[in-house]
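Take a look at the letters that make up each chain.
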Amino acid sequence: MTGSPAPTARAAWLHAALAVLAVGAIVTVVPMGPGRPAAEVVLFLLGILAVRTAVVVHGTPLRTAWLGLGLGLGFFTLSCLAEVLELAGIAPEVSGTVESALDIAAYAAVVAGALGVVRRDRRRRDRESWTDTATLLLAAALALVAVRAGQADPMSADLVEMGFGTPVITVVLLIVCVPLAMSRGARSASTMALLAAGVLTVAGYGGRLLADTPLRESALLDPLPLLAIAALVLAGRHPAAASMGRRPESDQDAASSRVLGLGAALLISPALLLLWGVRDGGAGYLVGAGSALLTGMALWRLVALNRERERVRAELDESQTRLELLLANSADVIGIVDADGIITYMSPAVESLLGRPASDYVGRTAIQLADPRDQARLRAVVASAGDAASGGVADTDIRVQHSSGGTRWVEMRISGRVDAVGIAGWVVNFREVTDRKLFEDELRRQARTDPLTGLLNRTAFNEQLAAATNEVDPAAPPAVLFVDVDDFKNINDTLGHAAGDELLLVVASRLSAQVRGGDVVARLGGDEFALLLTGADGERLRDVADRLLTAMRAPLEIAGRAVTVTASIGGALAEPGCSAERLLHRADTAMYTAKRAGKDSRALLDASEAVLA
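Residues numbered from 1 in each chain as written. Predicted model: local features only at pLDDT ≥ 70, side-chain atom pairs only at ≥ 80, totals over all residues. Heavy atoms only, no water.

S.K.: Let's hear about the overall build of the chain: which residues, and what values?
M.R.: When helices and strands are tallied, the chain shows 19 helices and 14 strands. When each of the 613 residues of the chain is scored for burial, the buried share is 46%. Sequence-distant contacts, at least 24 apart, represent 63% of the contacts inside the chain between residues at least 6 apart. Carbon and sulfur atoms make up 60% of the accessible area of the chain, which amounts to about 30,400 Å² in all. (Helix = DSSP H or I, 4+ residues; strand = E, 2+ residues; numbered from the N terminus. Buried < 20%, exposed > 50% of the residue type's maximum accessible area, 1.4 Å probe, protein only. Contact = heavy atoms within 4.5 Å. Areas by Shrake-Rupley, 256 points an atom, 1.4 Å probe, with all protein chains shown as cover.)

Next up, the structure:
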């Protein structure tokens, strides 16, 4: 690197203008003779400096192409020096042969540079790359055959430039320059200048071939190849050279480039026919022109089809973007599960719900997302969904596992089994309903519990009692203790309802402390409590009742006053066939028996209605 600043676009245009002035001076001021090719050396050197700028300063991605072009300009420079010797009469035969050989070497270098464009960023075994390479080489060879076949003096300077230069530059123009300059997203000052250089060269050499005019004897055609050097100066020095040949930014741009490349390759055939017609005359002109017209019409149709394809693709991309935006901002999670139960898609909303990105769930078994307690139920729901074609769908609430280790409740809708393009399985839509489930649980809890003490209420106690008496084991039947606080009304009347509530809380605590984990304590209303003892007998019934009486007698302080309360307790053991209502009634009756006996006592009945001492 030189460390010098890169030329600006303005500087590139100024250098190109300087090259144009040099061309004007060469064709108008410099006379024919050795001085003419010597003056052209300066112009070629300007082109070589522009190539250096493109490669070293701008760092163009098409390094190989520019180096091939620079090598070709170097060969042209040496060819001009050989022509100087030839025109000066210094070993004219040798100088002429060397000049022609150098010209051929220059065109070969241009073809090598063109191959650098065709094979850029391609792998060695890339079939497209090898096809493009073969197209370029075959087209160049056929173009040479079309123009050079039958020529008697293949090494004369005129025939080398027009017989070799015209077909080779024509092929390079069609296969390389046109796609580079016209591809969407790749068009720039540098690519257009490179296209102009190719057009000027083909026009200059091809015009001479058509007019059968020797070199430098046509005032109109003579400047054109030299002006091509000025265009190369602009292409190499312009900052746009740094972006030449970069990969297309989108699939649409890449597709457009491929269409242009195909179109350029199709134009080779009519170009060959035109060159053949130039050489042989006659109907070749008509056939070449007609072929070019037909190919152009086909290409126009191809371009129209490509535009339609791009329009449809743009609409699909817009629809895809809209869908992705909706999915990304939706609170609902949408998943797709294949026929084997494997997740193939999960929308982004799953990360906010379960704590992991959607990609972590793709490939996992869907049933594993459910809490183990709900997996069997989820399988049953999926089986009940049926077939989507018949409108099958199933709804359920299940718990799913969160990445933190806990669970979340979700409301899930599962489609019937889908058999469509891209989807063979089930479409699942779910949203979090944890707060709703907690609220429902709270409502159920409140409906089954006493709001003051937190114990079960009468409804919940009756449910538990009905379940316990459904099948009574004679060896270990359930038992009920009915507890009524003695003289509770006096507490309310003398100390107030707040003191009464405080007393009820103490009673609830004392009752709960005297039973086992599987037993049930409930507040039936007012100052009435009930206990359900599971797996009891007469001895345990007496033991629990006595402990309850003792616990109730313990003094306590309410509203700043020491208070002692007692309770009347009635109890009954269930017998086989005893209903919940009958068992509770027996315990209630026994409680009133205890109360009539003077309170602070118990009355217990065994399964045969006998009183337990």
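Anyway, onward from the coordinates.
S.K.: Quick rundown of the side chain of aspartate 450? Include the residues and the values.
M.R.: On the secondary structure map, aspartate 450 appears in the loop between α14 (434-448) and α15 (458-468). Once you skip the residues sitting within four places of it in the chain, aspartate 450 turns out to touch Leu455, Leu456, Asn457 and Arg523.

S.K.: Explain the packing of helix α1 (residues 9-28) against helix α2 (residues 35-57) to me, using residue names and the numbers behind them.
M.R.: At a closest axis distance of 10 Å, the pairing of α1 and α2 adopts a crossing angle of 175°. With respect to α2, the axis of α1 lies roughly antiparallel. Residues Ala19, Ala22, Val23, Ile26 and Val27 of α1 pack against Arg36, Ala39, Glu40, Leu43 and Leu46 of α2. Residues that form the contact of α1 with α2 fall into these classes: eight nonpolar, no polar and two charged. (Axes fitted to C-alpha atoms, helices over the stretch in contact; angles between N-to-C directions. Parallel < 35°, antiparallel > 145°, perpendicular 65-115°, else oblique. Nonpolar A, V, L, I, M, F, W, Y, C, P; charged D, E, K, R; others polar.)

S.K.: Describe in detail helix α18 (residues 538-553), supporting the description with residues and values.
M.R.: Over its 16 residues, α18 runs 23 Å from end to end, which matches the ideal 22 Å to within 8%, given 1.5 Å per residue. At the N-terminal end of α18, a side-chain oxygen is found 3.3 Å from the backbone nitrogen of glutamate 539, two or three residues along, and the residue is aspartate 537. (Expected span 1.5 Å × (residues − 1). Polar contact = N/O pair within 3.5 Å; in protein donor to acceptor, adjacent residues only side chain to side chain.)

S.K.: Before we move on, can you summarise the packing of α1 against helix α8 (residues 223-237) with the specific residues and values?
M.R.: With their axes 8 Å apart at the nearest point, α1 and α8 run at an angle of 165° to one another. For the element pair α1 / α8, the angle class is roughly antiparallel. Regarding α1 and α8, the two cross each other, and that crossing is right-handed. Only Pro223, Leu226, Leu227, Ala230, Val233, Leu234 and Arg237 of α8 make contact with α1, whose side of the interface consists of Ala12, Trp13, His15, Ala16, Ala19, Val20, Val23, Ile26 and Val27. Taken together, the residues of the contact of α1 with α8 break down into 14 nonpolar, one polar and one charged. (Left-handed = near helix turned anticlockwise from the far one by under 90°.)

S.K.: Describe the nonpolar core, listing the residues and the values that go with them.
M.R.: Among the nonpolar cores identified, the biggest contains 38 residues, and Leu43, Trp66 and Leu232 are the most heavily contacted of them. At the level of elements, α1, α2, α3 (63-87), α4 (92-118), α7 (189-211) and α8 are the ones that each hand at least two residues to this core. Not counting residues up to four positions away in its chain, the partners in contact with leucine 43 are Ala19, Ala22, Val23, Ile26, Leu226 and Ile229. Core analysis: the second largest hydrophobic core is formed by 35 residues, Val483, Ile491, Val515 and Leu604 among them. (Core = buried A, V, L, I, M, F, W, Y, C linked by side-chain atoms within 4.5 Å.)

S.K.: I'd love a proper account of the pattern of salt bridges, names of residues and values included.
M.R.: Counting across every chain of the model gives 28 salt bridges. Across the salt bridge formed by arginine 36 and glutamate 40, the nearest N and O atoms sit 3.7 Å from each other. Of this pair, arginine 36 and glutamate 40 both sit in helix α2, four residues apart, which is roughly one turn of that helix. Note that lysine 489 and aspartate 493 form a salt bridge whose closest N and O atoms lie 2.8 Å from each other. With lysine 489 and aspartate 493 both in helix α16 (residues 488-495) and four residues apart, the pair spans about one turn of that helix. The same class applies to lysine 489 and to aspartate 493, which are both exposed. (Salt bridge = Lys/Arg side-chain N within 4 Å of Asp/Glu carboxyl O.)

S.K.: Summarise the environment of threonine 8; cite the residues concerned and give the values.
M.R.: Its location among the elements puts threonine 8 in the segment before α1. Its relative accessible area of 46% is what places threonine 8 among the partly exposed residues. Not counting chain neighbours up to four residues away, the residues in contact with threonine 8 comprise Arg237 and Pro239.

S.K.: Requested: an account of α16, with residues and values cited.
M.R.: Residues of α16 that are buried include every one of Phe488, Ile491, Asn492 and Leu495, and no others. End-on, the buried residues of α16 take up no more than an arc of 105°, which puts them together on one face. Looking at α16, the residues exposed on the side facing more than 90 degrees away from the buried face are Lys489, Asp493 and Thr494. Where α16 is buried, its residues contact β7 (479-485), α17 (497-512), β10 (556-558) and β11 (561-563). One or two positions beyond α16, positive phi appears at glycine 496, with a value near 100°. (Arc of directions from axis to C-beta.)

S.K.: Break down the environment of proline 474 for me, with residues and values.
M.R.: Within the secondary structure, proline 474 is located in the loop between α15 and β7. Through-space distance from the C-alpha of proline 474 to that of alanine 574 is 8.4 Å; in sequence the pair is 100 residues apart.

S.K.: Account for the pairing of strand β13 (residues 602-605), naming residues and giving values.
M.R.: Note: strand β12 (residues 567-573) against β13, four bridges, orientation parallel. For glycine 571, the partnering residue across the bridge sits in β13 and is leucine 604. Note that the unit made of β12, helix α19 (residues 580-596) and β13 has a crossover that is left-handed. (Pairing = 2+ DSSP bridges. Right-handed = clockwise from strand over helix to strand, strands pointing away.)

S.K.: Go over the pairing of strand β1 (residues 333-338) with me, naming the residues and quoting the values.
M.R.: Two strands pair when backbone bridges link them, and β1 and strand β6 (residues 423-432) are joined in this way by six bridges, in the antiparallel orientation. Its bridge partner being in β6, valine 337 is matched across the sheet by tryptophan 426. Examined bridge by bridge, β1 and strand β2 (residues 343-346) share three bridges and lie antiparallel to one another. Each bridged residue has a counterpart across the sheet, and for glycine 335 the counterpart in β2 is methionine 346. What sits between β1 and β2 in their antiparallel hairpin is a turn of four residues, with glycine 341 showing a positive phi close to 80°.

S.K.: Can you explain unusual backbone geometry? Please cite residues and give values.
M.R.: Even without being a glycine, lysine 599 presents a positive backbone phi close to 65°. Within the element layout of this structure, lysine 599 appears in the loop between α19 and β13. Exposure remark for lysine 599: the relative accessible area of 32% places this residue in the partly exposed category. Non-glycine residue aspartate 600 carries a positive phi angle of around 45°. Within the secondary structure, aspartate 600 sits in the loop between α19 and β13.

S.K.: Residues and numbers for the environment of glutamate 83, please.
M.R.: On the secondary structure map, glutamate 83 appears in helix α3. As a C-alpha pair, glutamate 83 and glycine 35 span 48 residues in sequence and 9.9 Å in three-dimensional space.

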